[in-house]
Amino acid sequence: NAGVTQTPKFQVLKTGQSMTLQCAQDMNHEYMSWYRQDPGMGLRLIHYSVGAGITDQGEVPNGYNVSRSTTEDFPLRLLSAAPSQTSVYFCASWGGGPIDTQYFGPGTRLTVL
Amino acid sequence: EDQVTQSPEALRLQEGESSSLNCSYTVSGLRGLFWYRQDPGKGPEFLFTLYSAGEEKEKERLKATLTKKESFLHITAPKPEDSATYLCAVQGSTDSWGKLQFGAGTQVVVTP
């Protein structure tokens, strides 16, 4: 199993550009989520999904869109990038209930100029 | 709202010098407290889940304990490969599914 994979690993954008961060898992997990990690602030939840076709907002959803058309994939879209979105983004998946172990991907480091 | 505070922010240890990391939390009804290890440039790697006060879990040189207000991660006789950032997270009973509240982490450096 590859686990949770994310692409790209690094990305530089200009303000106003849009892009999609890809996340895929091969563990047949129902639940997936996106976090951002900023220095001194810990990981913060952006959006999450409890199954194909079902998504919900986390703590910091503004400026981001998600969709979940398949169990395996959970892309994160930046609609119009802003410097405040410069961060490291992590995708996670888990298979059980709300307190099951979450498995994280390797991350995407995004810089918005 | 859930709050998690980790201390110290950074810890420098000599190889073999045991120490403890602290995770203080405020949550409305604890569903679970999680410890993760994160190496530079990588995603968090799961270590432990604790569910109720008094619970303890061990893995190699690491031991996690839980009280009603805090958790400790004890590192016994650390080795340089234990160098990493250790993250604590909680989920409360009123939290939506998948929402973990993370602390900022403790960066541990173990020197030979």
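Up top you'll find the structure we're talking about.
Structural notes, computed from the coordinates.

Conventions used here
- Residues numbered from 1 in each chain as written.
- Chains lettered and ligands numbered in written order.
- Predicted model: local features only at pLDDT ≥ 70, side-chain atom pairs only at ≥ 80, totals over all residues.
- Heavy atoms only, no water.
- Contact = heavy atoms within 4.5 Å.
- Buried area = accessible area lost by both parts, 1.4 Å probe.
- Salt bridge = Lys/Arg side-chain N within 4 Å of Asp/Glu carboxyl O.
- Polar contact = N/O pair within 3.5 Å; in protein donor to acceptor, adjacent residues only side chain to side chain.
- Helix = DSSP H or I, 4+ residues; strand = E, 2+ residues; numbered from the N terminus.
- Nonpolar A, V, L, I, M, F, W, Y, C, P; charged D, E, K, R; others polar.
- Core = buried A, V, L, I, M, F, W, Y, C linked by side-chain atoms within 4.5 Å.
- Buried < 20%, exposed > 50% of the residue type's maximum accessible area, 1.4 Å probe, protein only.
- Pairing = 2+ DSSP bridges.
- Axes fitted to C-alpha atoms, helices over the stretch in contact; angles between N-to-C directions.

### Re the interface of chain A and chain B
With 23 residues of chain A at the contact, the number on the chain B side is 23 residues. Carbon and sulfur atoms make up 61% of the area that chain A and chain B hide from each other, which totals about 1,800 Å². There are zero salt bridges connecting chain A and chain B. At the junction of chain A and chain B, the tally comes to two residue pairs in polar contact (both at pLDDT 80 or more). Among the elements of the structure, β4 (31-38), β5 (42-51) and β9 (87-94) of chain A are those that each provide at least two residues to the side of chain A that touches chain B. Take the side of chain A that touches chain B: its biggest share by element is five residues, from β5 of chain A. Considering only residue class, the side of chain A that touches chain B consists of 13 nonpolar, seven polar and three charged.

### Things to note about the environment of Phe10 of chain A
Looking at where Phe10 of chain A falls in the secondary structure, it is placed in strand β2 (residues 10-13). Through-space distance from the C-alpha of Phe10 of chain A to that of Gln22 of chain A is 12 Å; in sequence the pair is 12 residues apart.

### What about the nonpolar core?
Formed by 23 residues in total, the largest nonpolar core has its most connected members in Leu21, Leu33, Trp35, Leu73, Tyr86 and Val108 of chain B. When residues of this core are traced back to their parent elements, those giving at least two are β2 (10-14), β3 (19-26), β4 (30-38), β5 (45-50), β7 (62-66), β8 (70-75), β9 (84-92) and β11 (106-111) of chain B. With four residues, β9 of chain B is the single largest residue contributor to this core. Those residues in contact with Tyr86 of chain B that lie beyond four places of it in its chain are Gln6, Leu21, Trp35, Tyr36, Arg37, Leu47, Leu62, Leu73, Ile75, Gly105, Thr106 and Val108 of chain B. Ranked by size, the runner-up nonpolar core spans 19 residues in total, among them Ile46, Ala81, Tyr89 and Leu110 of chain A.

### Describing the sheet that holds strand β1 (residues 3-7) of chain B
All names here are of chain B. On the basis of which strands lie adjacent, the open sheet formed by five strands has the order β1-β3-β8-β7-β6 and antiparallel pairing. Looking at the sheet topology across the chains shown, the edges are occupied by β1 and β6 (56-59). Going from strand to strand, the sheet's axes swing by 15° on average, the running direction of each strand aside.

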